[in-house]
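# A look at the structure
Chain by chain, the residues:
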Amino acid sequence: MNLDRYNYVAGNNYHNYTFYSEGPKGRIKKTVIYTRISDDPVAYNLAFGDEDDKTGFINDIITTDNKDRDIVLATVAATIIAFSERFGNHYIYATGNTLSRTRLYQMGIANFLKEIKNDFEVYGYNNGGWHEFATSANYEALLVKRK
Amino acid sequence: MPAIKKERNAVPAYGKSIANNIEKDHSNDPFVVKKVEEARAFLQKNGFPGQAKPYNQSA
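None of the values given here were measured: they were computed from a predicted structure.

Reading the values: the criteria
- Sequence order as written defines the numbering, with residues in each chain counted from 1.
- Each chain takes a letter, starting from A, and each ligand takes a number, starting from 1, following the order in which they are written.
- A pLDDT threshold of at least 70 governs which residues receive local features in this predicted model, and a stricter bar of 80 or more applies before side-chain atom pairs are shown or counted, although totals over entire chains, interfaces and linings include all residues.
- Excluded from the side-chain calculations are hydrogens and water; all other atoms, namely the structure's heavy atoms, are used.
- Counting from the N terminus, the helices are DSSP H or I runs at least four residues long and the strands are E runs at least two residues long.
- Residue-level accessible areas treat just the shown protein chains as cover; the underlying method is Shrake-Rupley with a 1.4 Å probe.
- Between buried and exposed lies partly exposed: a residue is buried under 20% and exposed over 50% of the maximum accessible area for its type, with that area taken using a 1.4 Å probe on protein chains only.
- Think of it this way: DSSP has to see at least two bridges between two strands before they count as a pair.
- Where helices are involved, their axes are fitted lines through C-alpha atoms of the stretch in contact, as for all axes, and angles between N-to-C directions lie from 0 to 180°.
- For classification, angles of less than 35 degrees are called roughly parallel, those exceeding 145 degrees roughly antiparallel, those between 65 and 115 degrees roughly perpendicular, and all remaining angles oblique.
- Contacts are assigned to residue pairs with any non-hydrogen atoms lying within 4.5 Å of each other.
- In this classification, Asp, Glu, Lys and Arg are treated as charged, Ala, Val, Leu, Ile, Met, Phe, Trp, Tyr, Cys and Pro as nonpolar, and every other residue, Gly included, as polar.
- Pairs of N or O atoms within 3.5 Å make up the polar contacts considered here, provided that, within protein, one atom can donate a hydrogen while the other can accept it, and that residues adjacent in sequence are counted only when both atoms are side-chain atoms.

### Here's the deal with the overall build of chain B
Within chain B, the secondary structure is distributed over 1 helix and 2 strands. Element order for chain B, N to C, with α for helix and β for strand: β-β-α. With the model as given, the accessible surface of chain B reaches about 4600 Å², and the carbon-plus-sulfur share is 55%.

### Regarding the pairing of strand β6 (residues 91–94) of chain A
All names here are of chain A. Here β6 shows a buried face lined by Y91 and Y93 and a second buried face lined by I92 and A94. Both strand β4 (residues 42–51) and β6 contribute to a ladder of 3 bridges, which runs parallel. Along β6, the bridge assignment pairs N45 with Y93.

### Thoughts on unusual backbone geometry
Residue and element names in this part refer to chain A. In this model, D40 is joined to P41 through a cis peptide bond whose omega is -5°. Examined against the element boundaries, P41 turns out to sit in the loop between β3 (26–39) and β4. The phi angle at Y14 is positive, at roughly 60°, despite the residue not being glycine. For Y14, the position within the fold is in the loop between β1 (8–10) and β2 (16–23). Judged by its relative accessible area of 9%, Y14 is buried.

### Examining the packing of helix α1 (residues 69–87) of chain A against helix α2 (residues 99–111) of chain A
Residue and element names in this part refer to chain A. It is the contact of α1 with α2, at a shortest axis distance of 10 Å, that shows an interaxial angle of 85°. Overall, the two elements α1 and α2 adopt an arrangement that is roughly perpendicular. Of the residues in α2, those touching α1 at R69, D70 and L73 are L104, Y105, M107, G108 and N111. For the contact of α1 with α2, the residue count by class is 4 nonpolar, 2 polar and 2 charged.

### Quick look at the environment of E22(A)
All names here are of chain A. Looking at the secondary structure, you find E22 in strand β2. When the C-alpha atoms of E22 and I71 are compared, they prove to be 9.9 Å apart, with 49 residues separating the residues in sequence. Of note is the side chain of E22, whose polar atom sits 3.3 Å from the side chain of R27.

See below:
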């Protein structure tokens, strides 16, 4: 993918990535954390949200509305590529804190589905099963895997 | 006296990223713990693409 995105910083173990969203609401620290959740097949959970400067905790309930959603989502996608290059092309599971937040992630994928499909297999879960991602459907959860 | 150029203690990594030598541990972050527990439960219940569900839920 060759989309606009923010520079990010990877933690020592390459499981954590941080970057700053910049827009009308200011400079907001974003963190992406990968945690292994399955061994067979290997899968990691992607946790993503704003990092509170005071507590250091992540929050994905806040709606930042910094007018840079596509850049932020492209940056998260870039961390998936970096993570996969280091640890292998495994499943990455992602879901929002709410259905509407999952829908937001889904809209970001839908906007760039053609580019994303060059690099990733993308699946959505609905109606009791996993399906190849389609822009017209709503999903409860998402799985991506770099090709 | 020659000038000394100081550089940040950072190692280039992949793409536009750099590795940070000061790392925050998020393993006990309540948000991360909750998300991981939910993800494990979801996948144990629903499996992965192309797999049969781990157990029959139709009963």
